[in-house]
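Residue-level structural notes
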Amino acid sequence: MEKTLIFGHKNPDTDTICSAIAYADLKTKLGFDVEPVRLGEVNGETQYALDYFNTAAPRLVETVANEVNQVILVDHNERQQSVSDIEKVRVAEVIDHHRIANFETAGPLYFRAEPVGCTATILNKMYKENGVAIGKEMAGLMLSAIISDSLLFKSPTCTEQDVAAAKELAAIAGVDADVYGLEMLKAGANLSDKTIEQLISLDAKEFQMGSCKVEIAQVNAIDVNDVLVRQAELEQALNGIIAAKGLDLFVFVVTDILNSDSVALTLGSKTEAVEKAYNVTLVDNKAVLKGVVSRKSQIVPVLTETLSSL
């Protein structure tokens, strides 16, 4: 049987890592030869979950065509967010919960995208559909993914399906979702030891919005000032990325996990899009985005619509 690699997007978050592991577990139990891998470093939040549930991180890869002929994508489908040589392999499956863009294949595939808050919520269904029991470790990792993507059920992307899945998985994992979840989020929000480059790349994604090339990075913090006190260094690094990648806009979002607001540090030639989209005025390249915590539902579609109309 031909081996297949399973992975999520570059600059992986908890859903990307944990869903790759969980889906590899399910596929292995169904008799397939698969391996979860990752396309970037494991962040503090994800490492907390892996350590708590005694699971090793998937190995890091930079290319895949030198190893396999086919892959499975989880938690993403846009090609610029995927492995650098994605065009050299066959995409056999996609399991995702994001918008569908910049994606096409030469042949048919299994493509499952649902409007839920987390890929792991879909995987929870797939275990049931295939009659495969979920072990404690996998339940814990999938729960961690849902907590991360939903910001402990506070994000507007969180659906009743996500909450129900989290309840089921917490029972299997033997944890209190709220207590465990807050500790996990706090682990991810400890940014004191991060370099500027790490802060920018912890959870960054590139998007094509109309004719504009946009990158949005997001970090969670307990106190946004712990990050923004380094604004001068951040701006220098962001301007370097804008020049190197030819970006029209870079939005660096610092989200307060306690009050569910964000501050957007915005640079590039299209910063007016942020002002127009959120009816704010950038002061010192920053603006508070009240109630904004989700890149997927509160930033990407809003900016896409705004940039398409400019």
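Predicted, not measured: the structure shown is a model, and the values here were computed from it.

Further remarks concern the environment of threonine 14. Positionally, threonine 14 belongs in helix 1 (residues 14-29). Engagement of the side chain of threonine 14 in a polar contact is seen with the side chain of glutamate 45, the distance being 2.5 Å.

It is generally the case that most residues other than glycine have a negative phi and that most peptide bonds are trans. The backbone of asparagine 54 shows a phi angle near 50°, a positive value even though the residue is not glycine. Residue placement: asparagine 54 occurs in the loop between helix 2 (44-52) and strand 3 (59-60). With a relative accessible area of 68%, asparagine 54 lands in the exposed category. At asparagine 285, a residue that is not glycine, the phi angle is positive and equals roughly 70°. Mapping asparagine 285 onto the fold places it in the loop between helix 10 (272-278) and strand 11 (286-289).

As a further point, take the sheet that holds strand 8 (residues 212-221). Spatial ordering of the open sheet is given by 7-8-9-10-11, a layout of five strands whose pairing is mixed. The open sheet terminates on both sides in strands that have one partner only, identified here as strand 7 (204-209) and strand 11. Each adjacent strand pair in this sheet contributes to an overall mean axis angle of 25°, direction not counted. Direction of pairing for strand 9 (residues 249-256) relative to strand 10 (residues 262-268): antiparallel, over a ladder of seven bridges. Bridging across to strand 10, valine 251 finds its partner in threonine 266. In this fold helix 9 (residues 231-245) packs onto strand 7, strand 8, strand 9, strand 10 and strand 11, with an angle of close to 45° to the strand it touches most, strand 10.

Looking now at the pairing of strand 4 (residues 70-74). Taking burial as the measure, the five residues of strand 4 include five buried ones, the bulk of the element. What you see with strand 4 is no split at all: Gln70, Ile72 and Val74 on one side and Val71 and Leu73 on the other are buried throughout. Bridge count for strand 1 (residues 4-7) against strand 4 is four bridges, and the pairing is parallel. Pairing of leucine 5 across the sheet is with valine 71, part of strand 4. For strand 4 and strand 5 (residues 90-96), the ladder comprises five bridges, and the chain directions are parallel. Across the sheet, valine 71 pairs through a bridge with valine 91, a residue of strand 5.

Where helix 3 (residues 119-129) contacts helix 4 (residues 136-150), the two axes come as close as 9 Å, and the packing angle between them is 145°. Packed against helix 3, whose contacting residues are Ala120, Thr121, Leu123, Asn124 and Tyr127, the element helix 4 presents Met138, Met142, Ala145 and Ile146 at the interface. Along the lines of polarity and charge, the residues of the contact of helix 3 with helix 4 split into seven nonpolar, two polar and no charged.

The next thing to look at is the side chain of serine 144. Residue position: serine 144 is located in helix 4. For serine 144, a relative accessible area of 0% gives the class buried. Once residues within four sequence positions are removed from consideration, serine 144 is found in contact with Thr14, Ala49, Phe53, Tyr180 and Met184.

What follows deals with the pattern of salt bridges. Under the criterion given, the structure shown has 16 salt bridges. The partner of glutamate 206 in a salt bridge is lysine 213, and the shortest N-O contact between them spans 3.8 Å. Looking at glutamate 206, the relative accessible area reads 18%, which means it is buried. Given a relative accessible area of 25%, lysine 213 falls into the partly exposed group. Each of the salt bridges in this network shares a partner with another, and the network as a whole consists of Lys3, Glu35, Arg59 and Glu67.

Now for helix 6 (residues 177-189). Taking 1.5 Å of rise per residue, 13 residues should cover 18 Å, and helix 6 covers 18 Å from first to last C-alpha, within 8% of that figure. Of the positions making up helix 6, those classed as buried are Ala177, Tyr180, Gly181, Met184, Leu185, Gly188 and Ala189. Residues of helix 6 that are buried sit in contact with helix 2, helix 4, helix 5 (160-173) and strand 8.

In this section: the pairing of strand 2 (residues 34-38). Burial within strand 2 is extensive, with five of its five residues counted as buried. Judged by which residues are buried, strand 2 turns out to be covered on both faces: Val34, Pro36 and Arg38 on one side and Glu35 and Val37 on the other are all buried. Sheet analysis places strand 1 next to strand 2, joined by three bridges and oriented parallel. Looking at strand 2, one finds that leucine 5 is bridged to glutamate 35. With helix 1 bridging strand 1 and the parallel strand 2, this β-α-β connection has right-handed handedness. Where strand 2 lies against strand 3, two bridges are found, and the strand directions are parallel. Note on strand 3: the bridge partner recorded for arginine 38 is leucine 60. In this fold, the crossover linking strand 2 to strand 3 by way of helix 2 has right-handed handedness.

Conventions used here
Residues numbered from 1 in each chain as written. Predicted model: local features only at pLDDT ≥ 70, side-chain atom pairs only at ≥ 80, totals over all residues. Heavy atoms only, no water. Helix = DSSP H or I, 4+ residues; strand = E, 2+ residues; numbered from the N terminus. Polar contact = N/O pair within 3.5 Å; in protein donor to acceptor, adjacent residues only side chain to side chain. Buried < 20%, exposed > 50% of the residue type's maximum accessible area, 1.4 Å probe, protein only. Pairing = 2+ DSSP bridges. Axes fitted to C-alpha atoms, helices over the stretch in contact; angles between N-to-C directions. Contact = heavy atoms within 4.5 Å. Nonpolar A, V, L, I, M, F, W, Y, C, P; charged D, E, K, R; others polar. Salt bridge = Lys/Arg side-chain N within 4 Å of Asp/Glu carboxyl O. Expected span 1.5 Å × (residues − 1). Right-handed = clockwise from strand over helix to strand, strands pointing away.

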